[in-house]
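Given next are the chains, with one letter for each unit.
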Amino acid sequence: MQTGRSVVYAKNGGAAASQPLAVSAAISILKQGGSFIDAAIALSAVICVVEPGASHLGGDAFLVTHHAASKTNLAFNGSGEASHAATPDAYKDGIPLHGYKSATVPGLVSTWFETHSRYGKLPISTVLQHAIDYADNGFPANSGFVKRIAGHLAVAPDTHVFRDMGIDVNVKLGDLVVQKKLAQSLREIASGGRAAFYEGRIAQQLIKGSEGWFNAEDLKAHTTRVLDPLSVKYRDLTVYGQPPPTQGMILMEELLLNERFDVASLSESERIHVGVESKKIGFADRNAILGDPEFIDVNVQKILSKDNIDARYDQISMDSAMTDIAPVSEGSDTTYFLVADKDGNAVSWIQSVFHGFGSSWIIPETGILLNNRLTGFSPDPSSPNIIAPGKRPAHTLNAFTAVNPDGTLHLVGGTPGANIQVQTNLQLIVNIVDLKMNVQEATEAPRWQHLSLPGQSSEEELGNGVLEIENRVPTAVLDQLRAKGHDVRPLAAWGHGSSVQLMQVLPNGTLAFGSDPRCEGHASGI
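Residues numbered from 1 in each chain as written. Predicted model: local features only at pLDDT ≥ 70, side-chain atom pairs only at ≥ 80, totals over all residues. Heavy atoms only, no water.

Q: Could you give an account of the sheet that holds strand 15 (residues 409-414), with specific residues and numbers?
A: Two orientations exist for strands paired in a sheet by backbone hydrogen bonds: parallel and antiparallel. Taken together, the 7 strands give an open sheet; going across it, the order is 1-20-19-15-14-9-8, and neighbouring strands pair in antiparallel fashion. The open sheet has two free edges, formed respectively by strand 1 (8-10) and strand 8 (230-234), since each of these has just one partner strand. On average, each strand axis in the sheet is inclined to that of its neighbour by 20 degrees, with strand direction left out of account. Both strand 9 (residues 237-241) and strand 14 (residues 400-403) contribute to a ladder of 3 bridges, which runs antiparallel. Within strand 14, the position partnered with Thr-238 by the bridge is Val-403. Sheet strands touched by helix 12 (residues 248-258): strand 8, strand 9 and strand 14. Its angle to strand 8, the strand with the most contacts, is close to 15 degrees. (Pairing = 2+ DSSP bridges. Helix = DSSP H or I, 4+ residues; strand = E, 2+ residues; numbered from the N terminus. Axes fitted to C-alpha atoms, helices over the stretch in contact; angles between N-to-C directions. Contact = heavy atoms within 4.5 Å.)

Structure representation (structure tokens):
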């Protein structure tokens, strides 16, 4: 297929993200001799400055790393816990969308230092310098930045978030955006390390500004969890993803179900149908068990077991769509990026403040936007995802890597998009592995998304719902899907709610990067 962007081929590393300035920062760090994690932290920090509606220092992060020399893969869980005061009784009227009571303890900065302690080469002060410069001296606003401000004002017209960030709501394309308070906070972190955020002035401002809703113990108790990732075999590859409390388990289950089919020989409508049905099953099993594994037993292995996959496979009819799926008897705005270095190490990284501009609340005098991740808890007392002090909500965030049979790296990829993420990642892997597309073709190919509500993820994502498909798919295919019982709604040609970044290691060792034209970013290599 003809693509609008070219594949980027490189031998000495590269990066792909939704904001070109952040990609440039990563490339700069790699050229200075930095590791893949040094470059990723630099990119992460710049994204917080230049794309604050999607992720920020007051948000969270999840990543999967591949270390080439040891052929090891790790999952870093940078999600935060609910405040000591966050009991169900405190939210009898529901969890507010905005304000500090909608937030969990921020986990992103902790994740910077946890990853840097393992894989960093350059000083953190060097790694954060690009972000400090953009915050202190300004960066030109792009169209995404301007649109996000307008979008948030439509939802929260009385917000003070832009005033407290020092951002003019009337900013125009190309205008410089300066954030002096954020620059100062980044300097404190660069010089004072992790403690500057979780114990120093920033922590004290969070405690004081939230009137004690967050306390010193909440911040002191937070850690970034480092875990073995979930993994499944798909064809000849081993695919790695995020363990609970994220919904990476859905992608794993989707892959196990799709592997039961000769996907490459299916028609386009049949291939979409199998993907949608496996998505429905994955969410049904997710709804039944997903929560914080430090509070409840989350038996992912049972979900991914042969017995469960056998039972679920038998439920998929090639002739008709499922509309109601019960568990087999016996939880907006996000940034995804990837970075690889010359040594073959790579990271698949996703970070978020949850909804656009998170809690719409700034930690006073810091320029740091707080997440609203607490809204990811369920209000249902019987749910495994019910709120509790110190508990982490179920997360949509997930990212994946895939390795060859000999353990060498093959794929790195992911996307923003809430509950769309696991659906998109399935399509990417199928496009590369089964349909033999290159990374840019796989990224630009028309995509589908199945949602309970048109254009909108819901917490449950039940079997009934609408199947939205970019209108570049032939009308005949849409009609065939309708004949199976799917409620098909066309999307604009590039209207899918995702923005993919994708990397493949070719058999000759060259890195091939793809970047989604559905966002303003790009890929770059060395």
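Q: Please provide a residue-by-residue account of the state of the cysteines, values included.
A: On inspection of all chains with the given rule, the structure shows 0 disulfides. With no disulfide of its own, Cys-48 has Cys-519 as its nearest cysteine by sulfur position, at a separation of 17 Å. Judged by relative accessible area, Cys-48 falls into the buried class, the value being 0%. The exposure class of Cys-519 is buried, given its relative accessible area of 14%. (Disulfide = S-S within 2.5 Å. Buried < 20%, exposed > 50% of the residue type's maximum accessible area, 1.4 Å probe, protein only.)

Q: Account for the nonpolar core, naming residues and giving values.
A: Residues Leu-57, Trp-112, Val-339 and Trp-349 are the most contacted members of the largest nonpolar core, which totals 85 residues. Tallying contributions element by element places helix 2 (residues 36-50) first for this core, with 13 residues. (Core = buried A, V, L, I, M, F, W, Y, C linked by side-chain atoms within 4.5 Å.)

Q: Which residues make up the layout of surface pockets, and what are the values?
A: Put simply, the second largest pocket is a space of about 330 Å³. Looking at the second largest pocket, it is lined by 19 residues, and the ones nearest its centre are Glu-268, Arg-271, Asn-431, Leu-435 and Pro-446. Listed by contribution, the elements that provide at least two residues to the lining of the second largest pocket are helix 13 (268-289) and helix 16 (421-433). (1 Å grid on protein atoms, 1.4 Å probe; cavity = no way out; pocket = protein on both sides within 12 Å on 5 of 7 lines; lining within 4 Å. Points joined across faces, edges and corners; volume = space filled by probe spheres on them.)

Q: Explain the packing of helix 12 against helix 16 residue by residue, including any values.
A: Look at helix 12 against helix 16: their axes get within 9 Å of each other, and the N-to-C directions meet at 40 degrees. Accordingly, the angle class assigned to the pair helix 12 and helix 16 is oblique. Two packed elements cross with a definite hand, and for helix 12 against helix 16 that hand is right-handed. Seen from helix 12, the contacting residues are Ile-250, Leu-251, Glu-254, Leu-255 and Asn-258; seen from helix 16, they are Val-422, Gln-423, Asn-425, Leu-426, Ile-429 and Val-430. For the contact of helix 12 with helix 16, a count of residues per class yields 7 nonpolar, 3 polar and 1 charged. (Parallel < 35°, antiparallel > 145°, perpendicular 65-115°, else oblique. Left-handed = near helix turned anticlockwise from the far one by under 90°. Nonpolar A, V, L, I, M, F, W, Y, C, P; charged D, E, K, R; others polar.)

Q: Would you mind going over the pairing of strand 17 (residues 466-470) in detail, with residue names and values included?
A: With 5 of 5 residues buried, strand 17 lies mostly within the body of the structure. Every second residue of strand 17 is oriented toward a common face, with Val-466, Glu-468 and Glu-470 on one face and Leu-467 and Ile-469 on the other, all of them buried. Pairing analysis gives 4 bridges linking strand 17 to strand 18 (residues 488-491), with the strands arranged parallel. Bridge assignment links Leu-467 to a residue of strand 18, and that residue is Val-488.

Q: Run through the domain arrangement of the chain, naming residues and quoting values.
A: When cut into domains, the chain gives domain 1 (8-224 + 332-374) and domain 2 (230-329 + 419-504). Using only C-alpha atoms to locate each centre, domain 1 and domain 2 end up separated by 29 Å. Taken together, the 18 residues of domain 1 in the interface contact 11 residues of domain 2. Between domain 1 and domain 2, a total of about 1,000 Å² is buried, with carbon and sulfur atoms accounting for 64% of that surface. Joining domain 1 to domain 2, the criterion identifies 0 salt bridges. For the pair domain 1 and domain 2, the interface holds 2 residue pairs in polar contact (both at pLDDT 80 or more). Those elements giving two or more residues to the side of domain 1 that touches domain 2 turn out to be strand 2 (13-17), strand 3 (60-67), strand 4 (72-78), strand 10 (333-341) and strand 11 (346-354). In terms of residue count, strand 10 provides more of the side of domain 1 that touches domain 2 than any other element does, 5 residues in total. (Domains from an automatic or database assignment. Buried area = accessible area lost by both parts, 1.4 Å probe. Salt bridge = Lys/Arg side-chain N within 4 Å of Asp/Glu carboxyl O. Polar contact = N/O pair within 3.5 Å; in protein donor to acceptor, adjacent residues only side chain to side chain.)

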